[in-house]
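Secondary and tertiary structure notes
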Amino acid sequence: MFRVDRDQNRIFRLDTCRFADLNLREREHLQEWLANQPDALGEDLLIIQKEFDGFADTRERLDLLALDTDGQLVVIENKLDDSGRDVAWQALKYAAYVSSLTRAQIVDIYQLYLDRHCGGGNAVQAICEFLEVESLEEVVLNPGHDQRLIFIAANFRKEVTATVLWLREHRIDARCYKVVPYLHGEELFVDIQPVIPTPEAADFMIGMAEKETEAKSAQGAIRETSRMRLDYWARALDGLRAANVDLYNNISPGKDHWLSAGSGLRSCPYALILLKREIRVEFNFARAEAEENKWLFDRLHERKGEIEAAFGHEIEWLRLDNKKASRIQYAFACDGYDRDRWDEYVAWHVEHIQRWEKALKGPLADLAAALRQRGGGEEWHS
């Protein structure tokens, strides 16, 4: 920190001091400064207790306990010239201890603080004013496991900074503030600056943490959906075997939203589809050449009336001119992920894949013959 001499247009470094050299103590000085000016930590905090020892079966005391503007509890641990090695572990214990505090307990703790240190007052009213609500019923105090940690010291050991960074990576809001005393003549100055996270990196780190959480959540959802599909296809294959449907005899359950089986026409499979919004039977034109897929689709579409009559329903014909593949499908709108209705869905799939194969088998054999005449070298497998 520098002092500016405007007359000489020069800056002069202030003398950095140690708290110990100035006979400044943690509880009597630093703790009192922060208890009376908590916004020195760069945010609005409501100190609700100091030297809090309301832990069952332990005599441990945390330095300061606060509420932030979201109603989360903040454990503040103060050290002077050196953070020590064990401050992170100590604060984690305190965070665990206070994680179970209820709204009523928090109000009682704050009321005791007001009576003991502030000449009295109404704890409920003061908390409501701080949170800008009319009633405490409108907010949740100390929600879930979102307790926060703030560490304050002139110097932080690597054991502490490494732990704080690791905690932040795991979505625990832990922060370090460096507090340094300076002397200028008889005047004492204190500089309090965030070091983890730095102001410039805070938003970035929060954004990255949110992105990582979102990614983990998405990965979890994907794994759960994959397991669910595997279960459904296992049940569907049991249903097909019980109905003596040979089409899927050599097929195993998979994790995809489809279960394919050969139709006899190369690279043009039948498929059962399971989606959140519907279940379907499909026939796909998925050969290597787009032109060939469109030619096959058009030849089959010429027999649309015949095929739909045999199937018993109107079919959705999707030429998909902007894509290489084409397909036809018939769908049943439902919540495919509703396990309680799976027996109904399996019965639907079994019934309609049988109708599907019966309606398409003859026209597909004719398509294979037409491909041979066209020069496609097609072999039909019935």
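Everything that follows concerns the structure shown earlier in this document.
Remember, predicted model here, so these are calculated numbers, not experimental data.

**Examining helix α3 (residues 103-117)**
The end-to-end C-alpha distance of α3 is 21 Å, a good match for the 21 Å that 15 residues give at a rise of 1.5 Å each. Among the residues of α3, those classed as buried are Ile 106, Val 107, Ile 109, Tyr 110, Tyr 113 and Leu 114. The buried side chains of α3 occupy one side of the element, clustering within an arc of 160° when seen end-on. Exposed side chains of α3 directed beyond 90 degrees from the buried face belong to Asp 108 and Arg 116. Next to the buried residues of α3 lie α1 (26-36), β4 (45-52), β5 (62-68), β6 (73-78) and α4 (123-131).

**Comments concerning a nonpolar patch on the surface**
Together, Phe 2, Val 4 and Ile 11 line one region of the surface with nonpolar side chains, adding up to about 310 Å² of accessible area. One can find Phe 2 in strand β1 (residues 2-5).

**Side note on the packing of helix α7 (residues 290-301) against helix α9 (residues 342-374)**
Where α7 meets α9, the axes come as close as 10 Å, and the angle between the chain directions of the two elements is 130°. Classed by the angle they form, the pair α7 and α9 counts as oblique. Crossing hand, α7 versus α9: right-handed. Residues Glu 291, Glu 292, Trp 295, Leu 296, Arg 299 and Leu 300 of α7 lie in contact with α9, whose contacting residues are Leu 360, Pro 363, Leu 364, Leu 367, Ala 370, Leu 371 and Arg 374.

Calculation notes
Residues numbered from 1 in each chain as written. Predicted model: local features only at pLDDT ≥ 70, side-chain atom pairs only at ≥ 80, totals over all residues. Heavy atoms only, no water. Helix = DSSP H or I, 4+ residues; strand = E, 2+ residues; numbered from the N terminus. Expected span 1.5 Å × (residues − 1). Buried < 20%, exposed > 50% of the residue type's maximum accessible area, 1.4 Å probe, protein only. Arc of directions from axis to C-beta. Contact = heavy atoms within 4.5 Å. Patch = residues over 30% accessible without salt bridge, like charges linked within 9 Å, V, L, I, M, F, W, Y side chains within 5 Å. Areas by Shrake-Rupley, 256 points an atom, 1.4 Å probe, with all protein chains shown as cover. Salt bridge = Lys/Arg side-chain N within 4 Å of Asp/Glu carboxyl O. Axes fitted to C-alpha atoms, helices over the stretch in contact; angles between N-to-C directions. Parallel < 35°, antiparallel > 145°, perpendicular 65-115°, else oblique. Left-handed = near helix turned anticlockwise from the far one by under 90°.

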